[in-house]
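Listed below are the residues making up each chain.
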Amino acid sequence: MRHHQYKQGYKFVKEPFDFTKDTEKDVLAYCLGAVLYMPATKDFFDDIVSKKYPGLTTMTMCFEDACPEEDVPMAEENVLRILESIAEAKRDGQVSEEDLPLLFLRARGPEQFVSFLSRLDAKHVSSFSGFVFPKFRAVDGGEYFGALKRFNEKQGCMLYGMPILEGVEIALHETRDSELESIKSIVDSYKDYVLNVRVGVTDISSVFGMRRSIDYTIYDILTVRACLSAILNVFGRNNDYVLSGPVWEYFHVSRKQKFKDIKDVSLQHSLLTRNPIVNSAVDGLLREVVLDKANGFIGKTVIHPSHLRYVNALQAVTKEEYEDAVQIVEASGAVMKSASGNKMNEIRPHTNWAQKTIMRAKVYGVVEDETDYLRLFAED
């Protein structure tokens, strides 16, 4: 699998690299990008094998919010069939590991998760990358990772877990700090199994009766912004974990967007000054991804295939960013002028940023400048 494969004629300054579910964990954590959520009740085998969705590199099949409780047994049977079909397709040469997106399963809760684990065998395990743990809380979050560790040790495999931080204990200021510290203790205990830390803002927003409109980003909602800030403070130190940005709820399905239809603009400036680029739904998504990146999030949960290329395009690194990052990690001095001559690079305070930027460059590629983001997400 490789990001931006649908742009075959595009010339990167530095090409993104290929990855599979067996890629080294420290790199794989950066590879998820736009994670498309789909209900576990739907059969997506043909869509996955046929590469129906250009830009799809990571997919989560959901047993929780996207699946009514009464449909969970049917959803489990459906997922088992899909995993078996993927294993058979690989065995028969119909599809290669390199062609498959990373596939995750979102559990409904600890009880359902443990029960479902007992139904998995080697052929199932070979077909997906791990689990997403919703509403991850200090009181029962350890149950997820304890069961996952025992399963991996028994099967001799490596399935990862990704907690979603979205509980009411995080929403409320009087419990937030202690809850996050307790969750961090659990996650640290199982760090080898933690691929990514994700955030869920819909549940947090609901505590306050809030929902951002299409004209606002999640960072404009003060109560939610406080939660995101606290999560970043606890889990984002020293690049300990890769954190993924929250879902954008709006989509607008229109005709294919051609590059010639998009103005040659300064992307970030246009977004932040609210000069139209594509349409209100896509511009809102792009604006929020820009702010995700500024705050240290990498990738994003998405609920519509049309969002994939927009999120993943913006994960690419510009040539100027890349040159700064390489200069910083290779430097022996304390302070120096950037290669572009327009900023100061301080080695010690900028090292964590540089390491993260180089990893993004490896996974998503290096582009000449931010106008190339438009070329990456526009249809040819």
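The rules behind each value
Residues numbered from 1 in each chain as written. Predicted model: local features only at pLDDT ≥ 70, side-chain atom pairs only at ≥ 80, totals over all residues. Heavy atoms only, no water. Helix = DSSP H or I, 4+ residues; strand = E, 2+ residues; numbered from the N terminus. Pairing = 2+ DSSP bridges. Contact = heavy atoms within 4.5 Å. Axes fitted to C-alpha atoms, helices over the stretch in contact; angles between N-to-C directions. Salt bridge = Lys/Arg side-chain N within 4 Å of Asp/Glu carboxyl O.

Novice: Help me understand unusual backbone geometry, please; the structure alone is not making it clear to me.
Specialist: Only a minority of non-glycine residues have a phi that is not negative, and only a minority of peptide bonds are not trans. Although it is not a glycine, Lys51 sits at a positive phi angle of roughly 55°. You can see Lys51 is positioned in the loop between helix H2 (45-49) and strand E2 (58-62). Although it is not a glycine, Lys135 adopts a positive phi angle of roughly 45°. By secondary structure assignment, the location of Lys135 is in the loop between strand E4 (130-133) and helix H6 (141-155).

Novice: For this particular structure, what's the right way to read the sheet that holds E2?
Specialist: Hydrogen bonds between backbone groups are what pair the strands of a sheet, and the pairing can be parallel or antiparallel. Strand order across the open sheet formed by eight strands is E7-E6-E5-E4-E3-E2-E1-E8, with parallel pairing between neighbours. What marks the edges here is a single partner per strand, and that holds for strand E7 (243-244) and strand E8 (300-302). Pairing geometry for E2 and strand E3 (residues 102-106), over five bridges, is parallel. The partner of Thr58 across the bridge, within E3, is Leu102. This element, helix H3 (residues 72-91), spans E2 and E3 of the sheet and lies at about 160° to E3.

Novice: Help me out: how do you make sense of the pattern of salt bridges in this one?
Specialist: Oppositely charged side chains can form a pair if their charged atoms are brought close together. The full count for this structure, using the stated rule, is 24 salt bridges. In this structure, Asp99 engages Lys51 in a salt bridge whose closest nitrogen and oxygen atoms are separated by 3.3 Å. Residue Asp99 is located in the loop between H3 and E3, and its partner Lys51 is located in the loop between H2 and E2; the two are separated by 48 residues in the primary sequence. Across the pair Asp92 and Arg91 runs a salt bridge, and its minimum N-O distance is 3.1 Å.

Novice: What is the right way to read the environment of Val79 from this model?
Specialist: Looking at the element boundaries, Val79 is found in helix H3. Separated by 173 residues in the primary sequence, Val79 and His252 have C-alpha atoms spaced 29 Å apart. For Val79, the residues in contact, after removing those within four places along its chain, are Ala40, Met61, Phe63, Leu105 and Phe116.

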